[in-house]
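Spelled out, the chains give:
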Amino acid sequence: MIALLKRDLALAVRAGGGFGLGVAFFLILCALVPFGVGPETSALRPIAPGILWVGALLSCLLSLDRIFALDHEDGSLDLLATAPIPLEGAVAVKALAHWVTTGLPLIAAAPLFGILLHLPGQAVPWLIASLLIGTPALSMLGAFGAAITVGLRRGGLLLSLLVLPLYIPTLIFGTEIVRRGMEQGSTATPLLFLAGITAGVLALVPFAAAAALRVNLR
Amino acid sequence: MIELGKYAGTVLAAYGVSLALLAGLVWQSIVANARARRDLERQEKNG
Amino acid sequence: MSIWEYANPVKFMRTSGAILPWAAGAAAICTTGGLLWGFLTPEDYKQGSTVKIVFLHVPAAMMAINIWVMMLAASLIWLIRRHHVSALAAKAAAPVGAVMTLIALATGAVWGQPMWGTWWEWDPRLTSFLILLLFYIGYMALWSAIDDPDSAADLTGVLCLVGSVFAILSRYAVLFWNQGLHQGASLSVAPGERMSAVYRYPLYLTMLGFFLLFLTLLLIRTRTEIRRRRLAALQAREMRA
């Protein structure tokens, strides 16, 4: 499994693009919003947590279809399915690799983009914490969506249609944490809810994703 | 005629939209079913 | 004699063909009767004649949720026992559920305009229905995107399972996110909250009517799907011959 993780990470790094693309998209999104709503701090500050979270969500979406697509094309996915490690584990590792290559750069970049949107300083730790807790669930749910749509032509569009509604609970609690952090309120409740969702997703969704993959490899 | 008062437009719009949607759904179901039956019968006669 | 006999497509076609005219007739009588009766009810002292919208709004909302539950049950039966009719019934039910959700949202919007002064409010109930509509759309899109019928049934079944969990999760997450304007359950048994009998009985009739309407449409659409499947099988055999 560790070998699989190393292989996926190496592929992502060498293929290039994948790394920077998500962050670049995130940057563009954060730069476009002020053009839409106006440059005033009073307009940007209240919506900054939402924009940052929605931006992270969409950037995460960009690279989802690559989780399984390339391996499906060259047949290594079939090898994985027949390998001695359980397919559920392979799916989880794939999602982890996606999180390391997409989620982590986004988390690192988010505070910087927060400056662009006038996010106050006291909210930055909460932004990082909420993204750290929430984005693994995004990657895992994305892996599920990618597993369902892996064999399809034009699967990318369908993938977003299927996955985005699943992101709603994570988004709600994620932005709530940052908003309460910004207003110096109590963040414990949404933090616990978010952690609960992520834990549940990480525990259960690999089975659903592996079941979908088995159907698609049949 | 029933007196609907000042909300006549609201009530009629709600009924109109809903009944139009339902009628569309029923019509689509019936047409699709008729087409499926016709195609199947033709296929079974030929085959 | 067990319920699984109806998993046999031939048996299903015969039985459903016999039931269909009765179901359709009963659905027509109950729905039109209930709606006409509802139309003749007196005006509410607060809401005026808009109270008549309830006879569309509540049954549609009820069916929107119940149809999803029925799809979940049908998907589970397919995934566990591999009865094709079950998978096709889930597929046939989805557009009906989506239309019911649309009706609930549309009548709610029209009703909200004079009562709340807005077409749309990010109220927990309204938002949950919007999310439910998204799930219906995704489910139908997945069915139409996959060519192989058995894979399509499997994948949509898994999606329906995961989607159900997240639909419920979203329902409570949304509750946390915003407290709303929408009133509580219309048929609550608590005294004082309960609707007057003048409105309650026509409402029961339209709810029955909508249920029968769903049953009728479900039978018709499942029969369509079975015929299409058989046609495809015959054509495939011809191609091989």
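Worth saying up front: this structure is predicted, and the values here are computed from it rather than measured. Think of each chain on its own: its residues are numbered from 1, step by step along the sequence as written. Numbering of ligands from 1 and lettering of chains from A proceed in the order in which they are written. In keeping with the predicted nature of the model, local features appear solely for residues at pLDDT of at least 70, side-chain atom pairs appear and are counted solely at 80 or more, and the whole-chain, interface and lining totals rest on all residues.

Trainee: Looking at this structure, I do not really get the overall build of chain C. What am I missing?
Mentor: Labels follow the DSSP assignment, with helices taken as runs of H or I lasting at least four residues and strands as runs of E lasting at least two, numbered in each case from the N terminus. Each helix and strand in chain C was counted, giving six helices and zero strands. Start at the N end of chain C and walk to the C end: the helices and strands fall as α-α-α-α-α-α. Considering only C-alpha atoms, chain C reaches an extent of 70 × 40 × 30 Å along its principal axes. Counting other C-beta atoms within 10 Å of each residue's C-beta, where C-beta atoms are placed from the backbone, gives the exposure class: buried for 20 or more, exposed for 12 or fewer, partly exposed between. Burial status across chain C gives 44% buried among its 241 residues. Contacts in chain C between residues far apart in sequence, at least 24 positions, make up 79% of those at least 6 positions apart. Two residues qualify as being in contact provided that their C-beta atoms, derived from the backbone, are within 7 Å of each other.

Trainee: Please clarify how the overall build of chain B should be interpreted in this entry.
Mentor: Helix and strand counts for chain B come out as one helix and zero strands. A burial count over chain B gives 17% of its 47 residues as buried.

Trainee: So what exactly am I meant to see when it comes to the interface of chain C and chain B here?
Mentor: Think of interface size as the accessible area that goes away when the parts come together; that is how it is often given. Tallying the contact residues gives 32 residues for chain C and 27 residues for chain B. Those elements giving two or more residues to the side of chain C that touches chain B turn out to be α3 (84-116) and α6 (197-240) of chain C. When residues of the side of chain C that touches chain B are assigned to their parent elements, the largest contribution, 12 residues, is made by α6(C). Put simply, Ala, Val, Leu, Ile, Met, Phe, Trp, Tyr, Cys and Pro go in the nonpolar bin, Asp, Glu, Lys and Arg in the charged bin, and everything else, Gly too, in the polar bin. Along the lines of polarity and charge, the residues of the side of chain C that touches chain B split into 17 nonpolar, seven polar and eight charged.

Trainee: Mind showing me how you'd approach the interface of chain C and chain A here?
Mentor: The partner chain A presents 19 residues to the 23 residues of chain C that form the contact. Looking at the side of chain C that touches chain A element by element, the count peaks at 14 residues for helix α5 (residues 149-177) of chain C.

Trainee: Can you walk me through the arrangement of the chains in this structure?
Mentor: Looking at the two pairs of chains with contacts, the pair that accumulates the most is chains B and C. Looking at chain A next to chain B, you find no contact at all, with the nearest C-alpha pair sitting 23 Å apart.

Trainee: When you look at the environment of G196(A) in this model, what are you seeing that I'm missing?
Mentor: Residue and element names in this part refer to chain A. By the secondary structure assignment, G196 is in helix α10 (residues 188-217). Overall, the presence of 14 C-beta atoms within 10 Å leaves G196 in the partly exposed class. With 152 residues separating them along the chain, G196 and L44 place their C-alpha atoms 30 Å apart.

Trainee: Is there a simple way to explain helix α9 (residues 168-182) of chain A in this structure?
Mentor: An α-helical turn contains 3.6 residues, so a residue and the one three or four places further along point in the same direction. For α9(A), which comprises 15 residues, the first-to-last C-alpha distance of 21 Å matches the rise-based estimate of 21 Å (1.5 Å per residue) to within 8%. With 14 of 15 residues buried, α9(A) lies mostly within the body of the structure. The span expected for a helix works out to 1.5 Å for each residue beyond the first.

Trainee: Is there a simple way to explain the UniProt feature "transmembrane region" (unreviewed entry) in chain C in this structure?
Mentor: All names here are of chain C. UniProt's feature table lists "transmembrane region" (unreviewed entry) at residues 20-40, 60-80, 92-114, 126-146, 158-178 and 198-220, given in the numbering used throughout. Split by type, residues 92-114 is 100% helix and 0% strand. Its first and last C-alpha atoms lie 36 Å apart. Secondary structure across residues 158-178 comprises 95% helix and 0% strand; the distance between its end C-alpha atoms is 30 Å. UniProt positions are given in the numbering used here, feature names are shortened, and annotations may be inferred rather than shown by experiment.

Trainee: Looking at this structure, how should I read unusual backbone geometry?
Mentor: Across residues other than glycine, the phi torsion is negative in most instances, and most of the peptide bonds are trans. Backbone geometry places Q184(A), a non-glycine residue, at a positive phi of 60°. When you line up the elements, Q184(A) lands in the loop between α9 and α10. Judged by C-beta crowding, with 10 C-beta atoms within 10 Å, Q184(A) ranks as exposed. Non-glycine residue R82(C) carries a positive phi angle of around 55°. With respect to the element layout, R82(C) can be found in the loop between α2 (54-81) and α3.

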